[in-house]
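Chain by chain, the residues run as shown.
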Amino acid sequence: MAGLDGQKLAAAKLWLISPSPGNGPVGADPSAPRDLPYLATALYALVAVANEDVARMTCDEYWRIYVNPAWLDAAPVPAVGAELAHVVWHLLADHSTRARDQDVDKSTAVLWDECADVTISHTLEPDSLRPSALATFRTMRVPEGLSAEEYFALKSGLSVVDSPDSGTLQPGEGCGSGADGIPRSHEHGPSTDIGAVTFVEARAIRERVAIEAREHSTKRGDLPGDLERWIQETLHPRIPWQPLLSGAVRRGIGWAAGRGDYTYQRPSRRASSVRGVVLPGQHRQVPRVSIIIDTSGSVDDELLSQALGEVDGAIASLGLPGSHVSVYSVDAAAHLTQRVRRARDAQLIGAGGTDLRVGLKAIEHERPRPDVVVVLTDGYTPWPATPPPGSAVIVALLAHRWWGEDLPETPEWATRVECMLD
Ligand SMILES: [Zn+2]
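The model shown is predicted, which means the values in this text are computed figures rather than measured ones.

## Looking at the sheet that holds strand β3 (residues 64–67)
Within the open sheet, the 3 strands sit side by side as β1-β3-β2. Their pairing is mixed. Sheet topology places β1 (47–50) and β2 (57–59) at the edges, where each strand pairs with a single neighbour. Averaged over all pairs of adjacent strands, the angle between strand axes in this sheet comes to 25°, irrespective of strand direction. As paired elements, β1 and β3 share 4 bridges and run parallel to each other. Counterpart to Ala50 in the pairing with β3 is Val67. Of the strands in this sheet, β2 and β3 touch helix α4 (residues 77–92), which is tilted by about 15° from β2.

## Some points on the nonpolar core
Of all hydrophobic cores here, the largest spans 55 residues; its most connected members are Leu16, Leu39, Leu84, Ala85, Val87, Val88 and Leu91. Residues contacting Leu91, with those up to four places away along its chain left out, are Ala42, Cys59, Trp63, Gly178 and Ala202. Counting 38 residues, the second-largest nonpolar core is a separate cluster that includes Ile253, Val289, Val375 and Cys419.

## Let's talk about the environment of Leu235
Mapped onto the elements of the fold, Leu235 is located in helix α10 (residues 225–235). Sequence-wise, Leu235 and Arg208 are 27 residues apart; in three dimensions their C-alpha atoms are separated by 9.3 Å. Not counting chain neighbours up to four residues away, the residues in contact with Leu235 comprise Glu207 and Ala210.

## Let's talk about unusual backbone geometry
Look at the link from Arg367 to Pro368: it is a cis peptide, with omega at -10°. Turning to its location among the elements, Pro368 is positioned in the loop between α13 (356–364) and β7 (372–377). Of note, the phi angle at Asp94 is positive, near 55°, even though the residue is not glycine. We classify Asp94 as buried; it has 21 C-beta atoms within 10 Å. The phi dihedral of Asp103 falls on the positive side, at around 55°, and the residue is not glycine. Counting through the fold element by element, Asp103 comes out in the loop between α5 (95–101) and α6 (109–124).

## Let's talk about α6
In this model, α6 (16 residues) spans 22 Å end to end at C-alpha, consistent with the 22 Å of a helix rising 1.5 Å per residue. Of all 16 residues that make up α6, 13 are buried, and the element is covered over most of its length.

## Brief notes about the packing of helix α9 (residues 199–220) against α10
With their axes 9 Å apart at the nearest point, α9 and α10 run at an angle of 130° to one another. Judged by the angle between their axes, α9 and α10 are oblique. For the pair α9 and α10, the crossing hand works out as left-handed. Note on element contacts: α10 touches α9 through Leu227, Ile231, Thr234 and Leu235, opposite Arg206, Glu207, Ala210, Ala213 and Arg214. Taken together, the residues of the contact of α9 with α10 break down into 5 nonpolar, 1 polar and 3 charged.

## Some words on the pairing of β7
The buried fraction of β7 amounts to 6 of the 6 residues, a majority that puts the element mostly inside the structure. Here β7 shows a buried face lined by Val372, Val374 and Leu376 and a second buried face lined by Val373, Val375 and Thr377. Of the strand pairs in this sheet, strand β4 (residues 289–294) and β7 are connected by 5 bridges, and their pairing is parallel. Residue Ile291 lies in a different strand from β7, and its bridge partner there is Val374.

## Some words on the packing of α4 against α6
Close contact between α4 and α6 brings their axes to 10 Å; oriented N to C, the two are set at 120°. The orientation of α4 with respect to α6, classified from their angle, is oblique. The hand of the α4/α6 crossing is right-handed. Mapping the contact onto sequence places Ala85, His86, Trp89 and His90 in α4 and Ala116, Ile120, Thr123 and Leu124 in α6. Counted by class, the contact of α4 with α6 contains 5 nonpolar, 3 polar and no charged residues.

## Section: helix α12 (residues 301–317)
A rise of 1.5 Å per residue sets the reference length of α12, with its 17 residues, at 24 Å; its end C-alpha atoms lie 24 Å apart and thus fit the reference within 8%. Along α12, the positions that sit buried rather than exposed are Leu304, Ala307, Leu308, Glu310, Val311, Asp312, Ala314 and Ile315.

Rules and cut-offs
- Residues numbered from 1 in each chain as written.
- Predicted model: local features only at pLDDT ≥ 70, side-chain atom pairs only at ≥ 80, totals over all residues.
- Pairing = 2+ DSSP bridges.
- Helix = DSSP H or I, 4+ residues; strand = E, 2+ residues; numbered from the N terminus.
- Axes fitted to C-alpha atoms, helices over the stretch in contact; angles between N-to-C directions.
- Contact = placed C-beta atoms within 7 Å.
- Core = buried A, V, L, I, M, F, W, Y, C linked by C-beta atoms within 7 Å.
- Buried ≥ 20, exposed ≤ 12 C-beta atoms within 10 Å, placed from the backbone.
- Expected span 1.5 Å × (residues − 1).
- Parallel < 35°, antiparallel > 145°, perpendicular 65-115°, else oblique.
- Left-handed = near helix turned anticlockwise from the far one by under 90°.
- Nonpolar A, V, L, I, M, F, W, Y, C, P; charged D, E, K, R; others polar.

Here you go:
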């Protein structure tokens, strides 16, 4: 097998990351470097493998690139740089994991690759870096600026695949497992014998590139929309909050139930020997849940109703008979206590400023005391120094994603769940 021209690959990486001479727009001179220094960490993590069966360059999930030696010999440095940028964006965007989330299989892998390529083209075009063969929103006849998942949904229709088509693909099909998670016959797999970037290392590379891309863009003064979205999603990954919130409620209730001295599951051993006598204390207390809802004007209605639905779901999933929840609407005052079967049924009152201290104070007067208090708020409120005695407190912090890192602090005595709406 022919070797690879390592010097040309090195030159292409340098061409991508080096500053452009002069102040002209990047891409005005087709041979001038592209000034993308933030790609360096990713580019130098790639492990190049010669392969004569790929057309130009493909990637696997372990950051190996398979390069056709004859193509490399013939291609000018900018064309090699453009292909490097193409495959490195498959890896940075984690298209293989995202393909698995979309149930991409052997029969749909190439279509997924094309959809992912449309988004990469969109990212590369402002820097005049798009490989000429790469699909675009124009060649695919789809709207501009969507995600790979959205293109895939548009192009694959609604047909449901009953039996996933597993197996490997040939070297010439699509962009490699680094783009779609489907192994190719020529790829080396997870073995570390021939270099390999682990998934943990890949995450660290993505974060470093995202941080450096953000820094670079503040200097250069422009940030294409695709890149901005990718930075945001890489540095603030979308963790679904729904299971976190229902899990916190369930744990809170479980903790409370575990405090009881007796349960139905542990009948007294004496019971069988004392016929006809009902022993005292052998009933399980139904856990009591109270909900404080911040009804000040700043709380998002849609997010609030989603969060209430999750709290209801968590309570319902425990299968507790006859459980009710107390709901307090709180802005600057505690307005209303209702006992309802579902938190969503409560009528919400209030629109003023926020002071959740009054709500938590009201909880202290509730008898019997609730085991779990769930507070739904945007967090812009004063908090008391201590929690209501005897209650586990969960704060569901309702926020919009674009608020970014500066979410308000919540008390240490409360379990915090950040509920983000996109
Ligand atoms: Zn591709």
